[in-house]
Amino acid sequence: MAGTWACLIPFILVIPISILTKQVQSGLFVGLLVGSYLLYPNILGGAEHMIKYLISNIVVKNNIRIIVFLYAFAGLVGIIKLTGGIKGFVHLISKKVKTKKSAMALAWVSTLGTFSEPDFRIVTIAPIMKALSKRLGMSKKRIAYAIEFTANPVIALIPIATAFVGYMVSIIGQSLKTSGIHQSAYMVYVKSIPFNFFSIVIILVGIYYSFFKKENESEHLENVHTDHQMKSFNQNKKGEHIPPHTTDLDGAGTNLKGSFNMETGTIISEPDIHGERTGMFDRNRLNGNTPNHADQQEDLDAAHRAYIKETPIRPWNLIVPISLFLLLTLFLSWWDGHSKANSFFNAFIKSDMLGVMLTSLLIAVIIAFAIFIFQRFPVSTLVTHFVKGGNELVNVIIMLALIWAVTAVSEDLGFSKYITSHLTSWIPHMFIAPSLFILGAVISYFIGSSWGTWGLLMPLGVTLATQSHTSILMAIGAVFASGTFGAFASPLSDNTVTTCTVLGIDVVKYARSKLVPALIAAGISVVLYVGFSFFG
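Every value quoted in this text rests on a predicted model; they were computed, and no experiment measured them.

For the rest of this paragraph, the subject is the overall build of the protein chain. A count of helices and strands for the protein chain gives 28 helices and 2 strands. Of the contacts formed within the protein chain by residues at least 6 apart in sequence, a portion of 77% connects residues at least 24 apart. Entry remark: accessible area of the protein chain is about 23000 Å², with carbon and sulfur atoms responsible for 66%.

Now for helix H12 (residues 185–192). Along an α-helix, residues three or four apart share an orientation, since each turn contains 3.6 residues. H12 sits mainly inside the fold: 6 of its 8 residues count as buried. Those residues of H12 that fall on the buried side of the exposure criterion are Ala-185, Tyr-186, Met-187, Val-188, Tyr-189 and Ser-192.

Among the secondary structure elements, Lys-96 is positioned in the loop between helix H5 (85–93) and helix H6 (100–109). Spatially, the C-alpha atoms of Lys-96 and Leu-106 are 9.4 Å apart, while their sequence positions differ by 10 residues.

The subject of this paragraph is the nonpolar core. With 139 residues, the main nonpolar core has Leu-28, Met-129, Ile-172, Trp-454 and Phe-480 as its most contacted residues. Broken down by element, the residue count for this core peaks at 12 residues, all from helix H4 (residues 61–82). Beyond its immediate chain neighbours, meaning those up to four positions away, Phe-480 contacts Met-168, Ile-171, Ile-172, Tyr-189, Ser-192, Asn-196, Trp-454 and Met-458.

Only a minority of non-glycine residues have a phi that is not negative, and only a minority of peptide bonds are not trans. For Arg-376, which is not glycine, the phi torsion reads 70° and is therefore positive. By relative accessible area, which is 77% here, Arg-376 ends up exposed.

Turning our attention to the confidence of the model for the protein chain. Looking at the protein chain, the pLDDT average stands at 75 and 76% of residues meet or exceed 70. pLDDT under 50 marks residues 236–308. Its contacts with residues more than four places away, or in other chains, come to 128 contacts.

Time to look at a nonpolar patch on the surface. Together, Ile-200, Leu-204, Ile-207, Tyr-208 and Phe-212 line one region of the surface with nonpolar side chains, adding up to about 490 Å² of accessible area. Tracing the sequence through the fold places Tyr-208 in helix H13 (residues 197–211).

Its place among the elements puts Cys-7 in the segment before helix H1 (9–21). Looking at Cys-7, the relative accessible area reads 0%, which means it is buried. In this structure, the C-alpha to C-alpha distance between Cys-7 and Val-409, residues 402 residues apart in sequence, is 8.6 Å. Cys-7 has contacts with Ser-410, Leu-413, Gly-414, Phe-415 and Tyr-418, leaving out every residue within four places of it along the chain.

In this section: the side chain of Thr-150. For Thr-150, the location among the structural elements is in the loop between helix H9 (140–149) and helix H10 (152–155). A residue is classified by how much of its surface remains accessible, and Thr-150, at 1% relative accessible area, is buried. At a separation of 2.8 Å, a polar atom in the side chain of Thr-150 contacts the main-chain carbonyl oxygen of Ala-146. One polar contact links the side chain of Thr-150 to the main-chain carbonyl oxygen of Ile-147, over a distance of 3.0 Å. Once residues within four sequence positions are removed from consideration, Thr-150 is found in contact with Ala-107, Trp-108, Thr-111 and Arg-121.

Turning to the packing of H12 against helix H26 (residues 472–489), a few remarks are in order. At a minimum axis distance of 9 Å, the contact between H12 and H26 shows a crossing angle of 75°. Considering their axes alone, H12 and H26 lie roughly perpendicular with respect to each other. Of the residues in H26, those touching H12 at Val-188, Tyr-189, Lys-191 and Ser-192 are Leu-473, Ile-476, Gly-477 and Phe-480. In terms of residue class, the contact of H12 with H26 is made up of 5 nonpolar, 2 polar and 1 charged.

Across all of its chains, the model carries 26 aromatic pairs by this definition. Ring centres 5.7 Å apart and planes at 85° place the aromatic pair Tyr-145 and Tyr-209 in the edge-to-face group. Separated by 64 residues along the polypeptide, Tyr-145 in helix H9 and Tyr-209 in helix H13 bring together distant segments of the chain. Assigned by exposure class, Tyr-145 and Tyr-209 land together as buried. A centroid spacing of 5.3 Å and a plane angle of 20° characterise the contact between Phe-149 and Phe-488, whose relative ring orientation is stacked. Of this pair, Phe-149 sits in helix H9 while Phe-488 sits in helix H26; the two residues are 339 residues apart in sequence, bridging distant segments of the chain. You'll find Phe-149 and Phe-488 in the same group, each marked buried. Every member of this aromatic cluster is reached through a ring pair, and the members are Phe-195, Phe-197, Phe-198, Phe-437, Phe-485, Tyr-529 and Phe-532. Here the guanidinium or amino end of Lys-514 rests over the ring plane of Phe-488, the centre of that ring lying 4.9 Å away.

The rules behind the values
- Residues numbered from 1 in each chain as written.
- Predicted model: local features only at pLDDT ≥ 70, side-chain atom pairs only at ≥ 80, totals over all residues.
- Heavy atoms only, no water.
- Helix = DSSP H or I, 4+ residues; strand = E, 2+ residues; numbered from the N terminus.
- Contact = heavy atoms within 4.5 Å.
- Areas by Shrake-Rupley, 256 points an atom, 1.4 Å probe, with all protein chains shown as cover.
- Buried < 20%, exposed > 50% of the residue type's maximum accessible area, 1.4 Å probe, protein only.
- Core = buried A, V, L, I, M, F, W, Y, C linked by side-chain atoms within 4.5 Å.
- pLDDT = per-residue confidence, 0-100.
- Patch = residues over 30% accessible without salt bridge, like charges linked within 9 Å, V, L, I, M, F, W, Y side chains within 5 Å.
- Salt bridge = Lys/Arg side-chain N within 4 Å of Asp/Glu carboxyl O.
- Polar contact = N/O pair within 3.5 Å; in protein donor to acceptor, adjacent residues only side chain to side chain.
- Axes fitted to C-alpha atoms, helices over the stretch in contact; angles between N-to-C directions.
- Parallel < 35°, antiparallel > 145°, perpendicular 65-115°, else oblique.
- Nonpolar A, V, L, I, M, F, W, Y, C, P; charged D, E, K, R; others polar.
- Phe/Tyr/Trp six-rings, centres within 6.5 Å; stacked < 30°, edge-to-face > 60°.
- Lys NZ or Arg CZ within 6 Å of the ring centre and 35° of its normal.

Here it is, written out as structure tokens:
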């Protein structure tokens, strides 16, 4: 069966099932199961070998290190949230925000402290920007743009200290191994960054939208409506008793009705006298039943005040662990490779980057625990939040394991040989990178997952580039760019949903409006891929 059309069946199943169920894991599971039965067509053979494929790929040295890194990094973020590092950081940099432009600048500059993971960044900065939008009369949609322009697109370009790096290096390494290429996966990733054209272009488009584009009519009406609601809200609250020790960004007091859950980015509300939830992220909202604007405003105010009251303001609880991790990664990268290299910069190339990042992270976690325990945070609470933070990436870890296994099954079915003898013969070499980008952009838009798209397309992209003798770096960049498109533009993207939920924006309308800058950036990216393929 090796080298026949049957090797495409796992991938043929994965993509439509992922789109239909809106879950990449379900498509990967079916693809792995069917692929296992194609190789071992008996009652128990397929199931038994499916388990073997999963386990044998998980325990591969680099794969298990990726899993540990992702879980530990998410755990570190969890305890930083708990100890007030996030709130302290945004509080530190928001003191001087007096104008709309300075607020936009805050949204962009805050990337320096929140670049580790897109949802982490969104949950960190969006509540603060929401409060500033009320005070300065800003469009929530424009704020959402600024946050998302600097979330997934920026983080995909940073080759160190992000939750993306390990995963991106992992799928590149697996794809290179499948194609028989023996190069450092990390260095290949770094060299491919300039070819992630969509991320680069959408950031430039974002600068224009944030600082130079004039407000359109809908944004102006939104600002007028917000100002009117806030005046009415403040007038209605005059004369009400303000509970002592309650902090209010706008000067209007209100009884606490909920709390902001920094573990999940959700607002958990107290039941009212009728037993209904009053928080912003209640079941009615998630089902599409949107309350009126005044209720949204009041609920967010209450929840945000609860968050401010209960969480300490300690910016160094974010700055110290993250800075330590960054500095250790740089130093240990040099230290690990200096004995194998003949120059300073070559030492970084020769280092075992995955091992270095894991070691740096472990040291940062240990020191962070020591600092927080010294600050009298209970050990049991720290451990609980560390585990909760790690558990937020369990779905990603499951997806990784399935991707590794599906790749192995497809290769045993003769995927590379089939690609070599068929696809490379009818796709013009100069259109491989543009085709990968367009295909991936369509897939990522419908499944809403950058990581899922990368995992699905990277083996195909590297194989096509290898067999057609075109630029592997451009193919890898095109795959990463295509996934970033969906993470930014798709209404199913967790980035989109999280941003809209925190800011109180209609998901479908907002996603539709984002298509304009996304398609502009995508069109420019296609032109660049074609141009570099012809003349590069």
